[in-house]
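Inside the fold
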Amino acid sequence: RHTKCIYWNQHEAVKGKLDFEGNKDVVSFIKLCAQHDILVLIRPGPFIASEYEFGGFPSWLLTEKPDNRLQDIGVRVSWQRVKMVWQTSTNLKPYLYHNGGPIIGLQVENEYGSNPACDKKYLESLAEHFRTILGPEILLYTVDGPGTHMMECGTLPSLYNTVDFGSGDIRKHFAVQAQYNEGGPPVDTEFYSGWLSHWGSRFPSKSRSAVAAKLDEMLAYGASVSMYMFHGGSNFGYTSGAKGNKEATVFVPHTTSYDYDAPLSEAGDTTMKYWDIRETIRKYGPVYSVPRNSTKKSYGKIEMKLVANIFNDTFVNKCGSRRMNKYPLSFEENNQTKRSDNLQYRCEDFRKFNDREDKR
């Protein structure tokens, strides 16, 4: 099966302007999965993951409540916007499993138990919204780390509550999951095949034998497993996210590469880890033929030519605009909410502002 994230900041980068064209066409992607007999889990967020820019939230939210913390914006604003996006642009109801489609479930939020807000009313309203749009038959589920403190805040009795982990005692982890469900199978919704990378750090790797052994253990236990990630990718442009802490004293950005040391590499190639996993799966079910890895070639010598100096006044005057303020203004305060936007800050003698009002 495949897990499909729906990024709010992709589909509504500009407030009120929805975009489901090109590679943002969710319905066409779901149809493609159906053609290849791939079952789909939908992750509509609104929070997707810290590895993605702003967690999947559109940055224009900060222009509405710029003095609030992100957790407050998410709780109070996001589900209403998601409702509008889904109602007007992504008609997924015909592609639900009970309607003959490939979508077997929809995830409510993402690891919400790690959010200090712990707002159950928010989760309930989000779940109710999805049921209203997609019907009461839809399987709604949550995912959180296998700790009681996370499951306590991230789950609801009316949803199927799953866990995510990449190592440790699976019986202990699934026992925690079972406490928050009335029956049902053990599910590892995010079995970590590798890990994400950060600027300035070594590329993380995870032993292929350890991954295959843990997968074998879970399949033998009768668990359902969704691997994260199975195929590495790329955070193109400015879409990579970052990790931090609730005190906002730590900021560690993720790299452009999201290879993740996954079984299928960033280039789409099979790895030795892939073949070990394949042999493990063969013990429990059928496996299928695999195409050869693509041929790689050198680009050769590439000549770089100077086009412009972005610090040159002529370039700034031609390609941008200027604003003057006593204090630095954020991207949102400058209405720079597109992923391709850039800001250049310059500091002048602050004494010039002492006896006059801010100029904008």
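Report on the accompanying structure. Keep in mind that what you see is a predicted model, and the values were worked out from it rather than measured.

Before going further, it helps to examine the sheet that holds strand E5 (residues 160–164). Ordered by their spatial adjacency, seven strands build an open sheet running E1-E2-E3-E4-E5-E6-E7, and the pairing between neighbours is parallel. Strands with a single pairing partner mark the edges of an open sheet, and in this sheet they are strand E1 (2–5) and strand E7 (224–228). On average, each strand axis in the sheet is tilted by 30 degrees relative to the strand beside it, whichever way the strands run. Strand direction decides the pairing type here: strand E4 (residues 140–144) and E5, joined by four bridges, are parallel. By the bridge assignment, Asp144 is partnered in E5 with Val163.

A separate point is the packing of helix H7 (residues 170–179) against helix H8 (residues 208–221). One way to put it is that H7 packs onto H8 with a least axis distance of 11 Å and a crossing angle of 50 degrees. Judged by the angle between their axes, H7 and H8 are oblique. Two packed elements cross with a definite hand, and for H7 against H8 that hand is right-handed. Facing H7, whose interface residues are Ile170, Arg171 and Phe174, H8 presents Lys214, Glu217, Met218 and Tyr221.

Bringing the state of the cysteines into the picture now. Taken as a whole and judged by the stated rule, the model has one disulfide. For Cys118, the disulfide goes to Cys153, at an S-S distance of 2.0 Å. Between Cys118 and Cys153 the disulfide shows an S-S torsion of about -95 degrees. By sign, it is left-handed. Of this pair, Cys118 sits in the loop between strand E3 (103–107) and helix H5 (120–134) while Cys153 sits in helix H6 (residues 148–154), and the two are 35 residues apart along the sequence.

Another aspect to go through is unusual backbone geometry. Pro46 follows Gly45 through a cis peptide bond whose omega is 15 degrees. Structurally, Pro46 is set in the loop between strand E2 (40–43) and helix H3 (61–64). The step from Tyr228 to Met229 runs through a cis peptide bond, and the omega angle for that step is -10 degrees. Of note, Met229 is situated in the loop between E7 and strand E8 (233–234).

Let us now look at a nonpolar patch on the surface. Where nonpolar side chains cluster on the molecular surface, the patch consists of Tyr299, Ile302 and Met304 and spans about 480 Å² of accessible area. Its place among the elements puts Ile302 in the loop between helix H9 (272–282) and helix H10 (313–319). In this structure Ile302 comes out as exposed when scored by relative accessible area, which is 55%.

Quick look at the nonpolar core now. By size, the foremost hydrophobic cluster in this structure holds 26 residues, and its most contacted members are Ile30, Ile42, Leu92, Ile103, Val108 and Leu140. Elements supplying a minimum of two residues to this core: helix H2 (26–35), E2, E3 and H5. Counting residues per element, this core draws most heavily on H5, at seven residues. Contacts of Ile103, omitting those with residues within four sequence positions, involve Ile30, Val40, Ile42, Leu92, Tyr95, Leu96 and Tyr97. Judged by nonpolar contacts, the second largest core, of 15 residues, contains Met151, Val163, Val225 and Met227.

Bringing the pattern of salt bridges into the picture now. Counted by the stated rule, this structure contains nine salt bridges. Ionic contacts of the salt-bridge type, sharing partners, join the residues Arg171, Lys214 and Glu217 into one network.

Another aspect to go through is the packing of H8 against H9. One can describe the packing of H8 onto H9 by two numbers: an axis separation of 9 Å at closest approach and a directional angle of 20 degrees. Taken as axis vectors, H8 and H9 run roughly parallel relative to one another. Note that H8 runs across H9; the crossing there is right-handed. Of the residues in H9, those in contact with Arg208, Ser209, Val211, Ala212, Leu215 and Asp216 of H8 are Met272, Lys273, Asp276, Ile277, Thr280 and Ile281.

Considering all chains together, one arrives at 14 aromatic pairs under this definition. Each ring, one from Tyr7 and one from Tyr52, has its centre 4.2 Å from the other, and the planes form 35 degrees; the classification is tilted. Of this pair, Tyr7 sits in the loop between E1 and helix H1 (8–11) while Tyr52 is found in the loop between E2 and H3, placing the two residues 45 residues apart along the sequence. Residue Tyr52 is classed as buried on the basis of its relative accessible area, which comes to 9%. With a centroid separation of 5.5 Å and an interplanar angle of 85 degrees, the aromatic rings of Tyr228 and Tyr260 are classed as edge-to-face. Highlighted residues: Tyr228 in strand E7 and Tyr260 in the loop between strand E11 (257–258) and H9, separated in sequence by 32 residues. Residue Tyr228 shares its accessibility class with Tyr260, and that shared class is buried. Following the ring pairs from residue to residue traces out a cluster consisting of Tyr192, Trp195, Tyr228, Tyr258 and Tyr260.

Thresholds, definitions, all that
- Residues take numbers from 1 onward in each chain, read along the sequence in its written order.
- Totals for whole chains, interfaces and linings use every residue, but because this is a predicted model, local features are given only for residues with pLDDT of at least 70 and side-chain atom pairs only at 80 or more, for both listing and counting.
- Calculation of side-chain values draws on the structure's entire complement of heavy atoms; hydrogens and water are dropped beforehand.
- Strands were regarded as paired on the criterion that DSSP finds at least two bridges between them.
- Numbering goes from the N terminus for both helices and strands, where a helix is a DSSP run of H or I of at least four residues and a strand is a run of E of at least two.
- Here an angle of 0 to 180 degrees is reported between the N-to-C directions of two axes, which are lines fitted to C-alpha atoms, with helices fitted over the stretch in contact.
- Oblique is the label for any angle not covered by the other classes, which are roughly parallel (under 35 degrees), roughly antiparallel (over 145) and roughly perpendicular (65 to 115).
- Take the far helix as the reference: if the near one is turned anticlockwise from it by less than a right angle, the crossing is left-handed, and if turned clockwise, right-handed.
- Throughout, a residue-residue contact means that at least one pair of heavy atoms, one from each residue, lies within 4.5 Å.
- Pairs of cysteine sulfur atoms within 2.5 Å are what we label disulfides.
- Exposure above 30% relative accessible area and no salt bridge define the residues that can form patches, which grow by joining like charges within 9 Å and nonpolar side chains of Val, Leu, Ile, Met, Phe, Trp and Tyr within 5 Å.
- Using the Shrake-Rupley algorithm and a 1.4 Å probe, accessible areas are obtained, with residue cover drawn only from the displayed protein chains.
- Salt bridge criterion: a side-chain nitrogen from Lys or Arg within 4 Å of a carboxyl oxygen from Asp or Glu.
- For every residue, the accessible area obtained with a 1.4 Å probe (protein chains only) is divided by the maximum for its type, and the residue is called buried under 20%, exposed over 50%, and partly exposed between those limits.
- Grouping buried Ala, Val, Leu, Ile, Met, Phe, Trp, Tyr and Cys residues that are joined through side-chain atoms within 4.5 Å yields what is termed a nonpolar core.
- What counts as a ring pair is set by centres within 6.5 Å for rings of Phe, Tyr and Trp (its six-membered ring), and what kind of pair is set by the plane angle: stacked under 30 degrees, edge-to-face over 60, tilted for all other angles.

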